[in-house]
Amino acid sequence: MKDIQFAFIDESGDYSFDFENKDVSTHFIIVSILAKESNKELLEQEVEKVRQKYFQTDEMHTDKMDNPHLRIQLLNELKDLPFNIYAYVVDKRKIREDSGITFEKTFIKFMNRLIYDDLNRTFDQLDLVLVEQGTKEFMSEFKTYIKEKSVPDLFNYSIFGFNHSKSELLLQLANFIAGTIAKGYDQTQYSEHYPLFHKIIKKKIIAINLWPQNYKNYLHDYISRNQDSQFDEVIFKQSVNLTLQYLEKNKKSEDADEKIRIDLLKFLLFNLRENPNEYVYTQEILDNLNAIRVNKINHHYFRSNIVSKLRDSGLLIASSNKGYKLPVCLTDLYDFVNLSSLTIHPMIQRISKCRNQVLLATNNEIDILENNEYEYLKKIIDLEKLAVTE
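Residues numbered from 1 in each chain as written. Predicted model: local features only at pLDDT ≥ 70, side-chain atom pairs only at ≥ 80, totals over all residues. Heavy atoms only, no water.

Q: Would you mind going over the packing of helix 3 (residues 104–122) against helix 4 (residues 137–149) in detail, with residue names and values included?
A: In contact at an axis separation of 10 Å, helix 3 and helix 4 are set at 50° when each is read in the N-to-C sense. By the criterion of interaxial angle, the relationship of helix 3 to helix 4 is oblique. For the pair helix 3 and helix 4, the crossing hand works out as right-handed. From helix 3, Glu-104, Lys-105, Ile-108, Met-111, Asn-112, Arg-113, Ile-115, Tyr-116 and Leu-119 reach across to helix 4, where they touch Glu-137, Phe-138, Glu-141, Phe-142, Tyr-145, Ile-146 and Lys-149. Partitioning the contact of helix 3 with helix 4 into residue classes produces 9 nonpolar, 1 polar and 6 charged. (Axes fitted to C-alpha atoms, helices over the stretch in contact; angles between N-to-C directions. Helix = DSSP H or I, 4+ residues; strand = E, 2+ residues; numbered from the N terminus. Parallel < 35°, antiparallel > 145°, perpendicular 65-115°, else oblique. Left-handed = near helix turned anticlockwise from the far one by under 90°. Contact = heavy atoms within 4.5 Å. Nonpolar A, V, L, I, M, F, W, Y, C, P; charged D, E, K, R; others polar.)

What follows is the structure, given as structure tokens:
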């Protein structure tokens, strides 16, 4: 029987665009705590222990913990539990006024559609759980929206929808994680300790989807936190724009490999915002991609069917012995060229030696590069010989 995937969802921030009011959030954040049915009971038991330890009789809500050092301790106790994080971070300040979205009701409806489309594309099956009561208008509207979209089967079960599952504890966990992420983005909640918060839960994060998607938003975040003389805006712009264009073009694809490529690009975009100068090891990427998949991806498949195909489509993806990243400067691209040359040049030399041996043995009658499809290799090898003789 298939292991059901649950998503316990909560929000942080408000729907207002009145930024002259210092209490209005700069960001609106939605967090889904993903947990398999087989892990749900254990997860609830462990989260309850944490709740009792840090909140005693209170609920585990983020606004009830102001002490960053206690938050660090708590996150360390959560980081090895069986759940993952899938989130959306909307910078309301970067939404254009003429877009028509800067009205509370319109914003909520837009976010309903945006999040539904993304979740429905990303997950083949998802059992959603939201806060049942309260004043969270987005959650109420989101529940109504999904009920209209979801199609139950003969047993009144929706593969993507609400199936009467509940867990107050895991909704509290979603609230706490949403509040933690807010401390790295929302200016009304910002904490200088956020880099450490993020480092602790980094491996739990499947994706933090940033919106609006515009290279200038990533560029602004990069410049505000980096004074790197190696930075090249042209490379940064091309790298991010090509990625965003690919995501937009292929977001509705039903092809399994295309979905993996999209998830990889979203992960690399998130890493660009959090750690723009750092590579991500291949195994960490695979752990991220495989966390939401039944059919796991191995290293060879990842390189040959995912990364290579993206590069074939013209996307800029830098790589080194430390992993992969979206390039932000010329040095990143040199890393890719240097790593590739370690493979390409020796292989061309081996082909050249093989060709020479066969030519020698057959008195120049058989050239293994004579076929039309090898014309480019023949030219490269002949040019290399010419360079050596000169």
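From this point, the discussion proceeds with the structure in view.
Q: Lay out the confidence of the model for the protein chain with the relevant residues and their values.
A: Taken residue by residue, the protein chain gives an average pLDDT of 87. The fraction at 70 or more is 91%. Between the elements of the protein chain, mean pLDDT differs from a low of 62, seen in helix 7 (residues 215–225), to a high of 96, seen in helix 2 (residues 68–78). (pLDDT = per-residue confidence, 0-100.)

Q: So what's going on with the layout of surface pockets? Which residues, and what values?
A: What the largest pocket holds in volume is close to 860 Å³. Forming the walls of the largest pocket are 26 residues, and the residues nearest its centre are Leu-114, Trp-211, Gln-213, Glu-248 and Lys-251. Of all the secondary structure elements, the ones that give two or more residues to the lining of the largest pocket are helix 3, strand 6 (205–211), helix 8 (233–250) and helix 9 (256–274). For the lining of the largest pocket, the leading source of residues is helix 3, giving 6 residues. Across the lining of the largest pocket, the residue classes tally to 10 nonpolar, 5 polar and 11 charged. (1 Å grid on protein atoms, 1.4 Å probe; cavity = no way out; pocket = protein on both sides within 12 Å on 5 of 7 lines; lining within 4 Å. Points joined across faces, edges and corners; volume = space filled by probe spheres on them.)

Q: I'd love a proper account of the environment of Asp-10, names of residues and values included.
A: Position of Asp-10 relative to the elements: it lies in strand 1 (residues 5–12). On the accessibility criterion, Asp-10 (2% relative accessible area) is buried. Sequence separation between Asp-10 and Ile-348 is 338 residues, and the spatial gap between their C-alpha atoms is 55 Å. Residues within four places of Asp-10 in sequence aside, it is in contact with Ile-29, Ile-30, Val-31, Val-131, Lys-136, Met-139, Leu-171, Ala-174 and Asn-175. A polar side-chain atom of Asp-10 sits 3.3 Å from a polar atom in the side chain of Asn-175. (Buried < 20%, exposed > 50% of the residue type's maximum accessible area, 1.4 Å probe, protein only. Polar contact = N/O pair within 3.5 Å; in protein donor to acceptor, adjacent residues only side chain to side chain.)

Q: Any details on helix 12 (residues 330–361)? Residues and values, ideally.
A: Taking 1.5 Å per residue, 32 residues should reach 46 Å; helix 12 reaches 45 Å between its end C-alpha atoms and fits that length. For helix 12, the principal kink sits at Ser-341 and spans about 35°. For helix 12, the set of buried residues is Asp-332, Ile-348, Ser-352, Arg-355 and Leu-359. Just past helix 12, the residue Asn-363 takes up positive phi, approximately 55°. (Expected span 1.5 Å × (residues − 1). Bend = angle between axes of the 7 residues up to and from the residue.)

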